Amino acid sequence: MNTRGLGSQLKDSIPVAEFSASGAFGGHDTLRRGFTSVKNELFPNHPLELSEKTFQLNHDKMNFSTLRNIQGLHAPLKLQMEFKAVKQVQRLPFLHSSNLSLDILRGNDESIDFEDILNDPLQSEVMGEPHMMVEYKLGLL
Amino acid sequence: GWVLGALRGGLAAVGGAWVLGAGACKGLQIPMARKTGTTIAGIVYKDGIILGADTRATEGMVVADKNCSKIHFIAPNIYCCGAGTAADTEMTTQLISSNLELHSLSTGRLPRVVTANRMLKQMLFRYQGYIGASLVLGGVEVNGPHLYSIYPHGSTDKLPYVTMGSGSLAAMAVFEDNFKPEMEEEEAKQLVRDAIAAGIFNDLGSGSNIDLCVISKNKLDFLRPYDVANQKGERCGKYKCEKGTTAVLTENVVVLALEVMDETVQTMDTS
């Protein structure tokens, strides 16, 4: 197993629950995701798929590591605490949060990238089933 | 399909773009991305920068646009010529232009060319060359005139004269022969015009007119077109035949008598 580089992020196994073709909340939606296949889950369809999926995470890690080297351990610790606090401010389960504070902390409020132009989650045509999602969140389901 | 950008050192003379999997899928022909297959060039002269570009956009072996604009706005004092996939250069330059504007509002200063260069190379490297944009970036600011060439994989060069695109070799030959540092404006404009013309007449991927952009400390000239090198020909004669050219010898009219055999009415559901 290649422990360095993107090879280590390839999955070895997929949980069985993902194979149900029922649709609805929690199942595999054949209409929107296509047919289930082991190959599709394990291997990326495009060489950049893996690196793009983990881009934000790696970017944050790099920044924290630089910050730690320059200012000491306290700087990334304080910042990560702020990140954690700010991620908890969300709307109802089925509504997208603007994540304004998170964007400000990351510095994304002063830049435009493809995620702002293409496939904006705020303009998505599909939405989770509101009643079911709230019940799931409250543990009533 | 994904289009790979031109690799340094030149893969082939045809704009250097390959469709991934074109060899693999024998049946379905993936539609070609609209490429520019271009000649773009830039030089540093006495007072600033001159950027030049041709105006032909190709879609495989067909000319898609006879007069497209390849010199893109980045900032009031910075412009960028783009070669490669037309959509990629257009979107990339617009994205970086927006980011640079936000950045300069944040710093409160006029944007620097080196900032635009850094933003472009970081983005292109992130996408590992899948964004097929080869750019010539030039501008004038507090530190003087700066000219960069940026490759699709993210490497950049800072030079006094650069060319990119499928006609880059023809244009570079002209530059290597005639470039001198600290040229006057008219001389420099003529040199860039000649370089782009060499690309237009010797490369199939480049053609039509020559656009120039002159950037200096106190003025900006966007000359489009600077030179209409390829005029469409005038038709010399008429090719229509007049009525009566062919003589009518005999005329025979036959009336077809048709009967109504069967009639059915189907109502439309217009509710």
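Residues numbered from 1 in each chain as written. Chains lettered and ligands numbered in written order. Predicted model: local features only at pLDDT ≥ 70, side-chain atom pairs only at ≥ 80, totals over all residues. Heavy atoms only, no water.

1. Some thoughts on the overall build of chain B
When its secondary structure is counted, chain B shows 4 helices and 14 strands. The buried share among the 271 residues of chain B stands at 44%. Partitioning the contacts of chain B with sequence separation of at least 6, the portion at a separation of at least 24 is 60%. Roughly 16000 Å² of accessible area belongs to chain B as shown, and the carbon and sulfur atoms make up 55% of that amount. (Helix = DSSP H or I, 4+ residues; strand = E, 2+ residues; numbered from the N terminus. Buried < 20%, exposed > 50% of the residue type's maximum accessible area, 1.4 Å probe, protein only. Contact = heavy atoms within 4.5 Å. Areas by Shrake-Rupley, 256 points an atom, 1.4 Å probe, with all protein chains shown as cover.)

2. Structural notes on the packing of helix H1 (residues 86-107) of chain B against helix H2 (residues 113-126) of chain B
Residue and element names in this part refer to chain B. Contact geometry for H1 and H2: axes closest at 10 Å, N-to-C directions at 130°. One way to sum up the angle between H1 and H2 is to call them oblique. Regarding H1 and H2, the two cross each other, and that crossing is right-handed. Only Thr115, Ala116, Met119, Leu120 and Met123 of H2 make contact with H1, whose side of the interface consists of Thr92, Leu95, Ile96, Asn99, Leu100 and His103. A class-by-class count of the residues in the contact of H1 with H2 yields 7 nonpolar, 4 polar and no charged. (Axes fitted to C-alpha atoms, helices over the stretch in contact; angles between N-to-C directions. Parallel < 35°, antiparallel > 145°, perpendicular 65-115°, else oblique. Left-handed = near helix turned anticlockwise from the far one by under 90°. Nonpolar A, V, L, I, M, F, W, Y, C, P; charged D, E, K, R; others polar.)

3. Concerning the confidence of the model for chain A
Residue and element names in this part refer to chain A. Mean pLDDT over chain A stands at 80; residues scoring 70 or higher make up 75%. Mean pLDDT values for the elements of chain A range from 68 in helix H1 (residues 30-33) up to 95 in helix H5 (residues 74-87). Here residues 18-24 scores under 50 on pLDDT; set against residues more than four positions off or in separate chains, the count is 15 contacts. (pLDDT = per-residue confidence, 0-100.)

4. Looking at the sheet that holds strand E4 (residues 48-54) of chain B
All names here are of chain B. Taken together, 5 strands build an open sheet; the order of strands is E12-E3-E4-E13-E14 and the sheet is antiparallel. At either margin of the open sheet sits one strand with a lone partner, and together these are strand E12 (161-164) and strand E14 (220-227). Sheet twist, expressed as the mean angle between neighbouring strand axes with direction ignored, is 10°. Summarising the sheet, strand E3 (residues 40-44) and E12 pair through 4 bridges and their orientation is antiparallel. Note that in E12 the partner of Ile43 across the bridge is Tyr161. (Pairing = 2+ DSSP bridges.)

5. Focus on the nonpolar core
In this structure, B:Ile74, B:Ile78, B:Met123, B:Ile131 and B:Leu137 are the most contacted members of the largest nonpolar core, which totals 22 residues. Take this core: its biggest share by element is 5 residues, from H2(B). Setting aside anything within four residues of it in sequence, one finds B:Met123 in contact with A:Phe114, B:Thr92, B:Leu95, B:Ile96 and B:Ile131. Counting 21 residues, the second largest nonpolar core, distinct from the first, contains B:Ile50, B:Val174, B:Ala188 and B:Ile210. (Core = buried A, V, L, I, M, F, W, Y, C linked by side-chain atoms within 4.5 Å.)

6. Some remarks on a nonpolar patch on the surface
On the surface, B:Val254, B:Leu256 and B:Leu258 cluster together to form a nonpolar patch covering roughly 400 Å² of accessible area. Among the residues examined, B:Leu258 registers a relative accessible area of 77% and is labelled exposed. (Patch = residues over 30% accessible without salt bridge, like charges linked within 9 Å, V, L, I, M, F, W, Y side chains within 5 Å. Salt bridge = Lys/Arg side-chain N within 4 Å of Asp/Glu carboxyl O.)

7. Re the UniProt feature "domain: Proteasome beta subunit C-terminal" (unreviewed entry) in chain B
Look at the UniProt record and you will see "domain: Proteasome beta subunit C-terminal" (unreviewed entry) annotated at residues 229-265 of chain B. Overall, residues 229-265 of chain B shows 0% helix and 0% strand. The separation of its end C-alpha atoms is 64 Å. (UniProt positions renumbered as here; feature names shortened; annotations may be inferred.)

8. Side note on the environment of A:Thr30
Tracing the backbone through its elements, the reader meets A:Thr30 in helix H1. Residues A:Thr30 and A:Val89, spaced 59 residues apart in sequence, show a C-alpha to C-alpha distance of 33 Å.

9. Comments concerning the pattern of salt bridges
All names here are of chain B. Inspection of every chain in the model, using the stated rule, returns 13 salt bridges over all chains. With a shortest N-O distance of 3.2 Å, Glu184 and Lys46 are connected by a salt bridge. Here Lys46 lies in the loop between E3 and E4 and Glu184 lies in the loop between helix H3 (168-178) and helix H4 (185-202), a separation of 138 residues in the sequence. For Lys46, a relative accessible area of 40% corresponds to the partly exposed category. Here Glu187 makes a salt bridge to Lys180, at a shortest N to O gap of 2.7 Å. A relative accessible area of 35% means that Glu187 is categorised as partly exposed. For Lys180, a relative accessible area of 42% gives the class partly exposed.

10. Focus on the pairing of strand E7 (residues 71-75) of chain B
Every regular strand shows the same layout, with side chains that alternate between the two sheet faces. In terms of burial, E7(B) is a largely internal element, 4 of the 5 residues being buried. The loop that links E7(B) with its antiparallel partner strand E8 (residues 78-84) of chain B comprises 2 residues.

11. Quick notes on the sheet that holds E7(B)
All names here are of chain B. Across the sheet, 5 strands lie side by side as E7-E8-E9-E10-E11; this open sheet has antiparallel pairing. Strands at the two margins of the open sheet, each flanked by one partner only, are E7 and strand E11 (156-158). In this sheet, neighbouring strand axes are inclined to one another by 20° on average, regardless of whether the strands run parallel or antiparallel. Examined bridge by bridge, strand E9 (residues 133-141) and strand E10 (residues 144-150) share 7 bridges and lie antiparallel to one another.

12. A short note on the packing of aromatic side chains
Tallying each qualifying case throughout the model produces 6 aromatic pairs over all chains. Between B:Tyr161 and B:Phe175, the aromatic rings sit 5.9 Å apart at their centres with planes inclined by 75°, giving edge-to-face as the arrangement. Of this pair, B:Tyr161 sits in strand E12 while B:Phe175 sits in helix H3, and the two are 14 residues apart along the sequence. Each member of the pair, B:Tyr161 together with B:Phe175, is buried. Ring pairs connect the aromatic residues B:Phe73, B:Tyr79 and B:Phe222, which therefore count as one cluster. The positively charged end of B:Arg126 is found above the aromatic ring belonging to A:Phe55, 3.6 Å away from the centroid. A cation over a ring is seen here: B:Lys158 above B:Tyr148, with NZ or CZ 5.5 Å from the ring centre. (Phe/Tyr/Trp six-rings, centres within 6.5 Å; stacked < 30°, edge-to-face > 60°. Lys NZ or Arg CZ within 6 Å of the ring centre and 35° of its normal.)

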